Amino acid sequence: MSIAFIGLGNMGLPMALNLQRAGFDVLGFDLVAAQCEAFSSAGGKLAASANDAAAHADIVITMLPASRHVQSVYLGEAGLIAHVQPGTLLIDCSTIAPQVSREVAAAAQARGLGMIDAPVSGGTGGAQAATLTFMIGGEAADVDRARPLLQAMGKNLFHAGTAGAGQTVKICNNMLVGMLMIGSSEALRLGLANGLDPKVLSDVISKSSGRNWVIDNYNPCPGTMENVPSARGYTGGFSVDLMLKDLGLAVENALGVGAAVPMGALARNLFDLHSKAGHGSLDFASVFDLLAPR
Ligand code: NAD
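None of these values were measured; they are calculated from a predicted model.

Criteria and thresholds
- Residues numbered from 1 in each chain as written.
- Predicted model: local features only at pLDDT ≥ 70, side-chain atom pairs only at ≥ 80, totals over all residues.
- Heavy atoms only, no water.
- Axes fitted to C-alpha atoms, helices over the stretch in contact; angles between N-to-C directions.
- Helix = DSSP H or I, 4+ residues; strand = E, 2+ residues; numbered from the N terminus.
- Parallel < 35°, antiparallel > 145°, perpendicular 65-115°, else oblique.
- Left-handed = near helix turned anticlockwise from the far one by under 90°.
- Contact = heavy atoms within 4.5 Å.
- Nonpolar A, V, L, I, M, F, W, Y, C, P; charged D, E, K, R; others polar.
- Buried < 20%, exposed > 50% of the residue type's maximum accessible area, 1.4 Å probe, protein only.
- Pairing = 2+ DSSP bridges.
- Right-handed = clockwise from strand over helix to strand, strands pointing away.
- Near = heavy atom within 4 Å.
- Polar contact = N/O pair within 3.5 Å; in protein donor to acceptor, adjacent residues only side chain to side chain.
- 1 Å grid on protein atoms, 1.4 Å probe; cavity = no way out; pocket = protein on both sides within 12 Å on 5 of 7 lines; lining within 4 Å.
- Sits in = over half its atoms within 2 Å of the grid points.
- Domains from an automatic or database assignment.
- Points joined across faces, edges and corners; volume = space filled by probe spheres on them.

Chemist: How do you make sense of the packing of helix 9 (residues 165-193) against helix 13 (residues 262-279) when you look at a structure like this?
Modeler: Packed helices, taken two at a time, are described by their axes: the angle between them and the distance between them. Running from amino to carboxyl end, helix 9 crosses helix 13 at an angle of 65 degrees, the nearest separation of the two axes being 9 Å. Considered as vectors, helix 9 and helix 13 are oriented roughly perpendicular to each other. The handedness of the crossing between helix 9 and helix 13 comes out as left-handed. Along its contact with helix 9, which presents Met175, Gly178, Met179 and Ile182, the element helix 13 presents Met263, Gly264, Ala267, Leu270 and Phe271. For the contact of helix 9 with helix 13, the class distribution of residues is seven nonpolar, two polar and no charged.

Here you go:
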């Protein structure tokens, strides 16, 4: 089966290589020459443009930064939807606004093409290890067609509903994790200010009603846990700027659908402050430092 893979960045490159290793015939493209070189030096085949890559593909996968990139690659006279062969399945794995996912899927449907949104969780480590979680929106038949590919790049596949549902699940989850990171940091800071050992406090929370994923797996307080970003100066992991992007998508979406997300909006503002203070590329657990006593 031939696959066009567009967007060979931090996530797309290892995902495309995993597809190739699984035996799919992958043709890749990225606007940045260095990303193309990284793919070809690992044995990948390159196309000269997104449309060239997709011209004879059975399935097109995109892994692009944000909504506007997805719109520009798929829509309009120069876009993929106008150029791919009938029967081509389109899979967008980028994290973008649910309403943009629905807009692009509707344009695909108007040309008789199937399209699913399949954003991921698991970060670059999950992309390399092929253990990503896919949150999927689209028609069941299209999801079934995509399944063998997604299984070559990930471990967990969840079909959440119709077009845009994958993106909606992703922003709900990430909004919650952003809030949990700030809430857990606050609790740890309060304990520290009272002279508590943060490891003891974390062990107690982890067996009490405040238990959550951050305290169990991603403790932001240095010295409490090994092999997490807080143990290595908040490097690696999931950046403040990517968390800020996802919280922005959640708040924007909430405004559009009339949902109340006051804590999500506050979390977005706090990550924004932290990013503007020059920490955008650090792991999002570094928001623990924003709450340090002044
Ligand atoms: P990235 O910026 O490293 O990669 C995106 C790539 O798309 C870049 O190489 C860029 O040159 C390319 N690109 C942009 N416009 C293009 C176009 N018109 N044609 C071809 N290529 C184009 O970003 P990333 O970290 O790989 O993330 C990709 C998506 O996955 C984002 O939506 C992000 O929010 C999401 N995501 C990232 C992570 C993570 O940990 N990095 C985790 C989960 C989800």
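Picking up after the structure, the text goes on.
Chemist: When you look at the pairing of strand 8 (residues 132-137) in this model, what are you seeing that I'm missing?
Modeler: Within a regular beta strand, the side chains point alternately toward one face of the sheet and then the other, so they alternate between its two faces. Burial within strand 8 is extensive, with six of its six residues counted as buried. Examined bridge by bridge, strand 7 (residues 120-121) and strand 8 share two bridges and lie antiparallel to one another. For Ser121, the partnering residue across the bridge sits in strand 8 and is Thr133. Two strands pair when backbone bridges link them, and strand 8 and strand 9 (residues 154-161) are joined in this way by six bridges, in the parallel orientation. Residue pairing for strand 9: Gly137 is matched across the bridge by Gly161. A crossover connection joins strand 8 to the parallel strand 9 through helix 8 (residues 140-153); in handedness this β-α-β unit is right-handed.

Chemist: What should I look at first to understand the site of the ligand in this one?
Modeler: In the region of the ligand, 24 residues are neighbours, and Asn10, Met11, Asp30, Pro65 and Lys245 sit closest. Within the contact set of the ligand, an oxygen atom lies 2.9 Å away from a backbone nitrogen or oxygen of Asn10. A distance of 2.9 Å separates an oxygen atom of the ligand from a polar backbone atom of Pro65. In this structure, the ligand is accommodated by the largest pocket. Every element with two or more residues in the shell around the ligand is listed here: helix 4 (67-74), helix 7 (123-129) and helix 12 (240-257). Its residues assigned to classes, the shell around the ligand shows twelve nonpolar, nine polar and three charged. Residue contributions to the shell around the ligand reach at least three from each of two domains, namely domain 1 (2-162) and domain 2 (168-290).

Chemist: Can you help me understand the layout of surface pockets in this one?
Modeler: Rolled over the atoms, a probe sized like a water molecule indicates the empty space that remains. Looking at the largest pocket, its volume works out to about 1300 Å³. Looking at the largest pocket, it is lined by 45 residues, and the ones nearest its centre are Met11, Gly123, Thr124, Phe238 and Leu242. Sorting the residues of the lining of the largest pocket by element identifies helix 4, strand 7, helix 7, helix 9 and helix 12 as the ones contributing at least two each. Of the residues belonging to the lining of the largest pocket, the class tally is 20 nonpolar, 20 polar and five charged. Of the domains in this structure, domain 1 (2-162) and domain 2 (168-290) are the two that each give at least three residues to the lining of the largest pocket.

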